[in-house]
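Examining the three-dimensional arrangement
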Amino acid sequence: MQLLDGRKLAEEIKKEIADEVSAFKATGGKTPHLAAILVGHDAASESYVAGKVKACAEVGIRSTLIRFEENIEENILIEKITEINENNDIDGLIVQLPLPGHISENRIIETIAVNKDVDGFHPVNIGRMVIGMPCYISATPAGILEILRRYNIRTEGKLCVVVGRSNIVGKPVSILLSQKGYPGNATVTLCHSKTINLKEIASKADILIAAMGQPGFIKADMVKEGAVVIDVGITRIKSDKTKSGWKLTGDVQFDEVAPKCSYITPVPGGVGLLTVVSLLKNTLLAAKKSIYN
Ligand code: NDP
C-alpha cells in the first residue's frame, strides 16, 4: 500500500505556484488577489477559510477576508458580491459554504462573476466543464485529479465508483473521470443514499472515491483488493486525544481498508490540502486571465 501524501504534494505544488506568481509579477503582472466571504462563525468554515488565507500568503497571492454576521440579509450579500465583481483589483471571489438557511446558495453562486468564480461553482463553469471547455474546475475535484496525475495512477478503462453526488464534489469528479483524456477515460458509477447494493458496487471499484460525510462508512469488505481509495470526507468529531477537543475523520475506516489498497489518501493530510492548492491555481489563472478575459 502506498500513501497518497497530500501534505507532501501540496508543499511541492505550492512551491511551483509561488515560482509562477513571482515570474508573472517579474514580467509586469499584478499580484493575484483572492477575496473570500465568510458568513457567520461556523467552526469548520472558520478553519477552512483561515487555511485558504494562510495558503495564499505562502505563495504570494494577496487575500482579503470579508466577514458578515449570520443574520446578514441576502440582498446585502448580493450587493457586496456585485461590488467585488466590478472591482478590477480582485481576481477571484469565493463565498464559503454552507450559508445560513435564509440565504439561497444558488442565487449567491449565480451572482459571482463567471470570470472570478475560482471555486468553479457557477453553472456556467460547471456547464463548460461538462462539455470540456476551458473553465474553473471546482477545487476538490481538481485536487483529486491532481493526486491521480502526480502519482501516475492509471484511470483509463478502470471501474471508478464515486459515493456521494454533491454539486461540488461527487457529480463533478464523476464527470471529469469519465471525460476523454487523462486522468479520465474511466467507467464511472455514481452512488448516493438511494443506491441499492452499495457494498456490492463499491467492492468492484478499481478506484473508489468516498465523498459522503459519513465518518468511517467505507469498511474493508466494501473495497476490492488492490483498489485506489480516495477519501474526500471530512467530519469533525469530538476527541479527548487532541488539544482542541476535535479531530477530523474521513469516510473510510483507514486502518482496516489501507492494507487492502494499492493507494489510499489519509484524512487529514489528503484531499483537503489539494483542494486549497487548486483554489490557489485557479486564482493565479484568474489573475493571468488565462480562461476568461
Ligand atoms: P453533501 O452532504 O452535499 O453530499 C453527501 C452525499 O453523500 C450525498 O449525495 C448523499 O446522498 C451521499 N450519502 C450520504 N450518506 C450516504 C450513505 N449512507 N450511502 C450512500 N450515499 C450517502 O456532501 P459534500 O460533497 O459537500 O461533502 C462530502 C464530504 O466531503 C463531507 O465530509 C465534506 O466535509 C467533505 N468535503 C471535503 C472537501 C475536501 O477538501 N477534502 C471539500 C468538500 C467537502 P443523497 O444525495 O442521496 O443525499
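Here, every reference points to the structure presented above.
About the cut-offs
Residues numbered from 1 in each chain as written. Predicted model: local features only at pLDDT ≥ 70, side-chain atom pairs only at ≥ 80, totals over all residues. Heavy atoms only, no water. Near = heavy atom within 4 Å. Polar contact = N/O pair within 3.5 Å; in protein donor to acceptor, adjacent residues only side chain to side chain. Areas by Shrake-Rupley, 256 points an atom, 1.4 Å probe, with all protein chains shown as cover. Helix = DSSP H or I, 4+ residues; strand = E, 2+ residues; numbered from the N terminus. Nonpolar A, V, L, I, M, F, W, Y, C, P; charged D, E, K, R; others polar. Pairing = 2+ DSSP bridges. Axes fitted to C-alpha atoms, helices over the stretch in contact; angles between N-to-C directions. Parallel < 35°, antiparallel > 145°, perpendicular 65-115°, else oblique. Left-handed = near helix turned anticlockwise from the far one by under 90°. Contact = heavy atoms within 4.5 Å.

Next up on the list: the site of the ligand. Around the ligand there are 21 residues in total, and Arg165, Ser166, Ser193, Ile234 and Thr275 lie nearest to it. Between the ligand and glutamine 214 there is a distance of 3.4 Å, counted from a nitrogen atom to a side-chain nitrogen or oxygen. The contact in question runs from an oxygen atom of the ligand to an N or O atom on the backbone of isoleucine 234, over 2.9 Å. Relative to its unbound accessible surface of 920 Å², the ligand loses 71% to contact with the protein. The element contributing the most residues to the shell around the ligand is helix H10 (residues 271-287), with three residues. Of the residues in the shell around the ligand, the class split is 10 nonpolar, 10 polar and one charged.

This part covers the sheet that holds strand S1 (residues 2-3). On the basis of which strands lie adjacent, the open sheet formed by six strands has the order S1-S11-S8-S7-S5-S6 and parallel pairing. Strands at the two margins of the open sheet, each flanked by one partner only, are S1 and strand S6 (187-191). Summarising the sheet, strand S7 (residues 207-210) and strand S8 (residues 228-231) pair through four bridges and their orientation is parallel. Residue pairing across strands places leucine 208 opposite valine 229, the latter belonging to S8.

Our focus in this paragraph is the packing of helix H1 (residues 6-26) against H10. Two numbers describe how H1 lies on H10: the axes approach to 9 Å, and their chain directions differ by 15°. Relative to H10, the element H1 is oriented roughly parallel. H10 is crossed by H1, and the crossing has left-handed handedness. On the side of H1, the interface is formed by Gly6, Arg7, Leu9, Ala10, Ile13, Lys14, Ile17, Glu20, Val21 and Phe24, while H10 contributes Leu273, Leu274, Val277, Leu280, Lys281, Leu284 and Ala287. The class makeup of the residues in the contact of H1 with H10 is 12 nonpolar, one polar and four charged.

Geometry only, nothing functional implied.
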